[in-house]
Amino acid sequence: MKQYIKEFDKVVMQTYNRYQLVLDRGEGVYLYDIEGKKYLDFSAGIAVFALGYGNKDYNDALKEQIDKLIHTSNYYYNIPTMEAAKKLVKASGMDRVFFTNSGTEAIEGAIKLARKYYYKKHGKANSEIISMNHSFHGRSMGALSITGTKKYREPFEPLIGGVVFAEYNDLDSVKALIKDNTCAIVLEAVQGEGGIYPASKEFIEGIRKLCDDHDILMIFDEIQCGMGRTGTMFGYQQYQVKPDIITSAKALGCGVPVGAFAATEMVASAMEPGDHGTTYGGNPLVAAAVSKVFDIFEGKQILEHVNDVAPYLTMKLDQLVNKYNFIKERRGIGLMQGLEFTSPVSNIISMAIEEGLILISAGSHTVRFLPPLIIEKEHIDEMVGILEKVFMKTAID
Ligand SMILES: *Cc1c(COP(=O)(O)O)cnc(C)c1O
């Protein structure tokens, strides 16, 4: 593996501190490296591989579409894209969809849609977006502009402008930022990269009311917390609200590069021919994947399964919090969980990987648990076993 890593690092841009691991293949909830070593996967390619690796129905649907038609451009109609859109509209409660190639692009589209809606309604531009501190929305200039981590933004300034940041779960801080030209408030139902922070009911419902009172659009970034991860199809469905726009990606295609932004009819109608476009976005190949993902969610009752196993995961994680005084707390909903430690977790994650357990962090002090949604209780036991082994070793050091 060392040789491949050396060769890789010579030709690929150094934008990641990668773990020293060359992965080869996956099977169910396990990954294998090129030397045949097995890893229990509790990150699912960052919440992407919800159905696990090697799902036959999914793979067959893709293979079939590859042989039929991969790409056409968006100047023509095709059936897989229509079917994927119908299923996403139904699951999300939105009316119209635009497919993108990534989460970042979904966010770009949502920003453009919110601005266009304001422009059409008020006959002028220069509207403002309220985003949240510690939020994550992507790395392109627009998505970065609404990402609530200064360290990510600063080297790339000037960004798009017209963005202000409130404190997550602090309704007064949002209220204080509302102006006549506020066009949208954007937030995650559970902050992912920011450290696994679920929104409180009062916060979400309070924002919905502010949006209604001031004619502001409420945008839910469902890229990480959506697609069943919290036990409902979308994170916002944990609360008694309806968004005006949502973004999706990650588990939407379960491995193929696809994202989407979707909106209610009233909002979506602000977009006119020529306002937005993409060459690849939602091509027949990724659409076949999205469509099959929704079918499998229904056929395999994935949401029921998440609600069945998630309480076991939270119970096991709570036991760890009680047992080890270097773990501060557990946060999360469903199969989107975090354990906050009293010190940085990079060492724990590296050691877990050595012991055959793939985890990722969310911020410096939080270990993030994003297993494939098909995880079973026995895998949760296996994960806890490996984690405790790691704790024992770190305590000896
Ligand atoms: C991952 C993520 C994004 C960015 O998606 P990409 O597909 O990496 O561009 C945006 N928002 C949230 C909440 C995410 O977790």
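About the thresholds
- Residues numbered from 1 in each chain as written.
- Predicted model: local features only at pLDDT ≥ 70, side-chain atom pairs only at ≥ 80, totals over all residues.
- Heavy atoms only, no water.
- Salt bridge = Lys/Arg side-chain N within 4 Å of Asp/Glu carboxyl O.
- Helix = DSSP H or I, 4+ residues; strand = E, 2+ residues; numbered from the N terminus.
- Pairing = 2+ DSSP bridges.
- Contact = heavy atoms within 4.5 Å.
- Axes fitted to C-alpha atoms, helices over the stretch in contact; angles between N-to-C directions.
- Domains from an automatic or database assignment.
- Buried area = accessible area lost by both parts, 1.4 Å probe.
- Polar contact = N/O pair within 3.5 Å; in protein donor to acceptor, adjacent residues only side chain to side chain.
- Patch = residues over 30% accessible without salt bridge, like charges linked within 9 Å, V, L, I, M, F, W, Y side chains within 5 Å.
- Areas by Shrake-Rupley, 256 points an atom, 1.4 Å probe, with all protein chains shown as cover.
- Expected span 1.5 Å × (residues − 1).
- Buried < 20%, exposed > 50% of the residue type's maximum accessible area, 1.4 Å probe, protein only.
- Phe/Tyr/Trp six-rings, centres within 6.5 Å; stacked < 30°, edge-to-face > 60°.
- Lys NZ or Arg CZ within 6 Å of the ring centre and 35° of its normal.

A. Main features of the pattern of salt bridges. A complete count under the given rule lists 24 salt bridges for this structure. Note that Lys389 and Glu355 form a salt bridge whose closest N and O atoms lie 3.3 Å from each other. On the criterion of sequence distance, the pair formed by Lys389 in helix 14 (residues 377-396) and Glu355 in the loop between helix 13 (346-354) and strand 15 (357-358) is long-range, its members being 34 residues apart. A network of salt bridges, in which partner residues are shared, links Lys116, Lys120, Glu272 and Asp275.

B. The sheet that holds strand 17 (residues 366-369), seen in detail. The four strands lie next to each other as 13-14-17-16, forming an open sheet whose pairing is antiparallel. Either end of the sheet is taken by a strand with one partner, and the two such strands are strand 13 (327-333) and strand 16 (360-361). Against the sheet, helix 12 (residues 302-323) makes contact with strand 13, strand 14 (336-341) and strand 17, and its axis sits at roughly 165 degrees relative to strand 13, the strand it touches most.

C. Representation of the domain arrangement of the protein chain within the structure. Along its sequence, the protein chain is organised into domain 1 (2-54 + 301-393) and domain 2 (57-299). Taking only C-alpha atoms, the centre of domain 1 and the centre of domain 2 are 26 Å apart. Each partner contributes to the interface: domain 1 provides 30 residues, whereas domain 2 provides 29 residues. In total, about 2,400 Å² of surface goes out of reach between domain 1 and domain 2, with carbon and sulfur atoms giving 65% of it. Sorting the residues of domain 1 by area buried against domain 2 places Leu51, Ile333 and Met336 first, and these three jointly supply 28% of that buried surface. Taken together, the connections running from domain 1 to domain 2 amount to one salt bridge. Of the charged contacts, one joins Glu193 and Arg368 as a salt bridge, the two residues approaching to 3.2 Å between their closest N and O atoms. Linking domain 1 to domain 2 there are 12 residue pairs in polar contact (both at pLDDT 80 or more).

D. Region of the structure containing a nonpolar patch on the surface. Residues Met141, Phe156 and Ile160 make up a contiguous nonpolar surface patch of roughly 270 Å² in combined accessible area. Position of Met141 among the secondary structure elements: in helix 6 (residues 141-145).

E. How the structure looks around helix 11 (residues 284-299). End to end, helix 11 covers 22 Å across 16 residues, agreeing with the expected 22 Å (1.5 Å per residue, within 8%). In terms of residue burial, helix 11 counts as a mostly covered element, since 12 of its 16 residues are buried. Among the residues making up helix 11, those that are buried are Pro284, Leu285, Val286, Ala287, Ala288, Ala289, Val290, Ser291, Val293, Phe294, Ile296 and Phe297. For helix 11, the secondary structure elements touched by its buried residues are helix 3 (56-68), helix 4 (79-92) and helix 12. Positive backbone phi, at 50 degrees, marks Gln301, one or two positions downstream of helix 11.

F. Molecular detail of the packing of aromatic side chains. Under the definition given, this model contains 10 aromatic pairs. Measuring from centroid to centroid gives 6.1 Å for Phe326 and Phe341, while their planes differ by 25 degrees, and the two rings are stacked. In this pair, Phe326 sits in the loop between helix 12 and strand 13 while Phe341 sits in strand 14, placing the two residues 15 residues apart along the sequence. Take Phe326: its relative accessible area is 27%, and that puts it in the partly exposed class. Look at Phe341 and you get buried, because its relative accessible area is 3%. Every member of this aromatic cluster is reached through a ring pair, and the members are Tyr324, Phe326, Phe341 and Phe391. Note that Arg25 overlies the ring of Tyr32, its terminal NZ or CZ placed 4.1 Å from the centroid. We note Arg139 situated over the ring of Tyr152; from NZ or CZ to the ring centre the distance is 4.2 Å.

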